[in-house]
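# Observations on the model geometry
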Amino acid sequence: MRDFRVQSGADLLQRGDKFFHWQNTRRENGLWPFSRSTQAGPGTVCDAADDRGNPIHGVNFASQDYLSLSAHPVMRAVAIETIRSHGVHSAGSSALVGNTNLSVELERRIADYLQMEEAILYPTGWAAGYGIIRGLVRSADHIVMDQLSHVCLQEGANAATRNIHQFRHLDVEHCRRKLAGIRASDTENGILVVTEGLFSMDSDTPNIAALQEVCHEYGATLVVDVAHDFGALGDGRGHIGLQAMLGRVDLVMGSFSKTFGSNGGFVACHSRAIKEYLRFYSPSATFSNALSPMQAAVVLKALDIVDSAEGVELRAKLLHNVNLLRSTLTANGLEYYGDPSAIVAVKMGTEGLARLVSRRLPVLGLLSNLVEYPAVAKGAARFRMQVMAGHTEDNIVRAVAIMKQAVTEARAELEQVGETRAAAA
Ligand SMILES: Cc1ncc(COP(=O)(O)O)c(C=O)c1O
């Protein structure tokens with residue numbers, strides 16, 4: 001995909017042509033596993049369609065609904081009730097009159113849940129990641145970021161300053177060296193250190209306490225993106241809770257779209273001044289419509305569940321499913337990346353093998369997302385299986401059996417292609 005990003009020529013409307021030709025070649029050969037649509041929502045088993053309209057039916061490990069809240073009857077009922085009481089739209093940015101009593105309450109609840117002083121909502125998690133950086137950092141400031149940080153953080157950084165320094169993934173000492181280098185010549189400007197609570201392609205986690213400590217040492221500010229662990233891991237407070245860092249991280253940014261059954265994002269901080277500054281200087285908050293009342297009500301209800309005995313049970317079910325998926329993969333000779341979380345990324349290696357596997361999965365009855373370069377390194381293609389609390393043991397065993405069959409068949413096909421080529425040469 002990277003090959004087509006930079007295209008030249010005076011006619012902007014021709015920019016898509018080469019990409020589309022390449023994409024279509026893949027599509028026509030059944031090797032374009034993206035842009036699918038579910039037909040009745042993201043269930044654990046679901047009907048979907050590819051982007052040519054071909055139907056797919058199978059077990060679904062491709063949706064982000066970690067506690068299976070999106071179809072929870074109470075969440076649906078709250079959404080319907082709220083549409084009756086508040087209508088369907090917020091009709092403005094939160095800087096004007098777009099907030100509702102529900103979004104104001106949600107800001108308070110998020111702040112309290114994370115033991116922070118304040119929180120501000122954004123229309124999406126992406127807008128929160130982009131907005132916190134673009135809102136706080138100016139051109140003379142510095143950003144020191146984990147090299148695998150999410151694209152919303154990278155884009156926010158690129159828009160905010162040219163002083164971007166990447167440190168090796170999870171490497172606190174490398175981060176420290178970057179900070180020391182900056183502070184050796186610049187004590188005047190700000191430094192934002194950026195990381196994630198759970199990395200979305202690798203399912204691994206930094207030492208948040210150590211990062212916060214080096215930030216204090218060098219007068220830098222830490223932001224942790226908790227999109228994938230918030231609500232789903234530990235007691236619901238993700239790795240910040242697991243690492244006893246509740247209320248002790250400078251800035252926490254997150255998304256509702258993985259666990260809370262709604263679009264939306266937030267930043268939690270320690271002062272009203274920062275919250276207000278972000279509201280008026282994050283362009284993705286100031287100049288974008290606020291969460292709808294229905295979305296705010298759904299997230300409030302999800303937070304009730306996350307913070308209840310039912311939430312404890314759902315997280316235990318999720319973790320049971322994650323561990324079962326990991327052990328069944330291992331028993332079938334398949335490897336995965338990272339630590340136990342709702343993200344189980346199954347290693348494929350070369351893009352060629354991964355694409356051939358991707359052609360077989362829907363036919364055999366499994367939805368799972370292919371992740372390939374440039375989203376991850378070249379030669380490190382993987383299927384990101386995303387687990388839900390609602391998956392059954394049968395769903396998991398079936399998914400692994402399909403993955404194994406697809407890999408076995410794809411390897412045989414690759415070998416055959418290699419032999420045919422060798423014979424032709
Ligand atoms: C780490 C991380 N941050 C932010 C986002 C953006 O969140 P959303 O999809 O809710 O806009 C994502 C989702 O892809 C993510 O994985």
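Predicted, not measured: the structure shown is a model, and the values here were computed from it.

### Some points on the UniProt feature "domain: Aminotransferase class I/classII large" (unreviewed entry) in the protein
As recorded in UniProt, the sites labelled "domain: Aminotransferase class I/classII large" (unreviewed entry) are residues 58-401. Across residues 58-401, helical content stands at 44% and strand content at 16%; the span's end C-alpha atoms are separated by 13 Å.

### Side note on unusual backbone geometry
In most cases, non-glycine residues show a negative phi, while peptide bonds are predominantly trans. Between Y373 and P374 the backbone carries a cis peptide bond, its omega angle lying at 10 degrees. Looking at the element boundaries, P374 is found in the loop between strand 13 (369-371) and strand 14 (381-386). Even without being glycine, S35 reaches a positive phi, approximately 55 degrees. Within the element layout of this structure, S35 appears in the loop between helix 1 (17-28) and strand 1 (37-38). With a phi close to 55 degrees, Q115 is a non-glycine residue in the positive phi region. Residue position: Q115 is located in the loop between helix 3 (101-113) and strand 4 (118-122).

### Looking at the nonpolar core
Of all hydrophobic cores here, the largest spans 91 residues; its most connected members are V193, F266 and V357. No other element matches helix 11 (residues 293-306), which puts nine residues into this core. There are two domains that each give this core at least three residues, and those are domain 1 (31-60 + 309-419) and domain 2 (73-306). In this structure V357 touches M348, F383, M403, A406, V407 and A410, once residues within four positions along its chain are discounted. Formed by 22 residues, the second largest nonpolar core is a distinct cluster that contains Y122, A127, L153 and A160.

### Let's talk about the packing of aromatic side chains
What the rule picks out here adds up to 13 aromatic pairs. Considering the side-chain rings of F19 and W22, the 5.9 Å spacing of their centres and the 45 degrees angle between planes classify their relative orientation as tilted. You can see F19 and its partner W22 sitting in helix 1, three residues apart, about one turn around the helix. What makes F19 partly exposed here is its relative accessible area of 24%. Geometrically, the ring pair formed by Y113 and F230 is edge-to-face, given 6.0 Å between the ring centres and 65 degrees between the ring planes. Here the residue Y113 occupies a position in helix 3, and F230 occupies one in the loop between strand 8 (221-225) and helix 8 (238-242), the gap between them amounting to 117 residues. F230 matches Y113 in its accessibility class, with the two residues each being buried. By way of ring pairs, the aromatic residues F4, F19, W22, W32 and F34 are connected into one cluster. Above the face of the Y337 ring, K347 is positioned so that its terminal group lies 4.8 Å from the ring centre. Above the face of the Y337 ring, R382 is positioned so that its terminal group lies 3.9 Å from the ring centre.

### A look at the sheet that holds strand 3 (residues 55-60)
Taken in spatial order, the four strands of this open sheet run 1-2-3-12, and their pairing is mixed. Both outer strands of the open sheet, strand 1 and strand 12 (366-367), are each paired with one neighbouring strand and no more. By the bridge criterion, five bridges tie strand 2 (residues 45-49) to strand 3 in an arrangement that is antiparallel. Across the sheet, the residue bridging to D47 is H57, located in strand 3.

### What to know about the sheet that holds strand 8
Spatially, 4-10-9-8-7-5-6 is the arrangement adopted by the seven strands of the open sheet, whose pairing is mixed. The open sheet has two edge strands, strand 4 and strand 6 (164-167), and neither has a second partner. Strand-to-strand twist in this sheet, taken as the mean axis angle between neighbours without regard to direction, amounts to 20 degrees. Across five bridges, the pairing between strand 4 and strand 10 (residues 265-269) is antiparallel. Each bridged residue has a counterpart across the sheet, and for L121 the counterpart in strand 10 is F266. Its contacts with the sheet put helix 7 (residues 208-217) on strand 6, strand 7 (191-196) and strand 8, and the angle it makes with strand 8 is roughly 155 degrees. Each of strand 4, strand 9 (251-255) and strand 10 touches helix 9 (residues 272-281); the most contacted strand, strand 4, lies at about 15 degrees to it.

### Considering the site of the ligand
The local shell around the ligand holds 13 residues, among which D225, H228, S255, S257 and K258 are the closest. Between the ligand and H150, the relevant distance is 3.2 Å, taken from an oxygen atom to a side-chain nitrogen or oxygen of the residue. One of the side-chain N or O atoms of K258 is found 3.1 Å from an oxygen atom in the ligand. For the ligand, the protein covers 83% of the area, taking 390 Å² as the surface of the free molecule. When its residues are assigned to classes, the shell around the ligand shows three nonpolar, seven polar and three charged.

Cut-offs applied
Residues numbered from 1 in each chain as written. Predicted model: local features only at pLDDT ≥ 70, side-chain atom pairs only at ≥ 80, totals over all residues. Heavy atoms only, no water. UniProt positions renumbered as here; feature names shortened; annotations may be inferred. Helix = DSSP H or I, 4+ residues; strand = E, 2+ residues; numbered from the N terminus. Core = buried A, V, L, I, M, F, W, Y, C linked by side-chain atoms within 4.5 Å. Buried < 20%, exposed > 50% of the residue type's maximum accessible area, 1.4 Å probe, protein only. Domains from an automatic or database assignment. Contact = heavy atoms within 4.5 Å. Phe/Tyr/Trp six-rings, centres within 6.5 Å; stacked < 30°, edge-to-face > 60°. Lys NZ or Arg CZ within 6 Å of the ring centre and 35° of its normal. Pairing = 2+ DSSP bridges. Axes fitted to C-alpha atoms, helices over the stretch in contact; angles between N-to-C directions. Near = heavy atom within 4 Å. Polar contact = N/O pair within 3.5 Å; in protein donor to acceptor, adjacent residues only side chain to side chain. Areas by Shrake-Rupley, 256 points an atom, 1.4 Å probe, with all protein chains shown as cover. Nonpolar A, V, L, I, M, F, W, Y, C, P; charged D, E, K, R; others polar.

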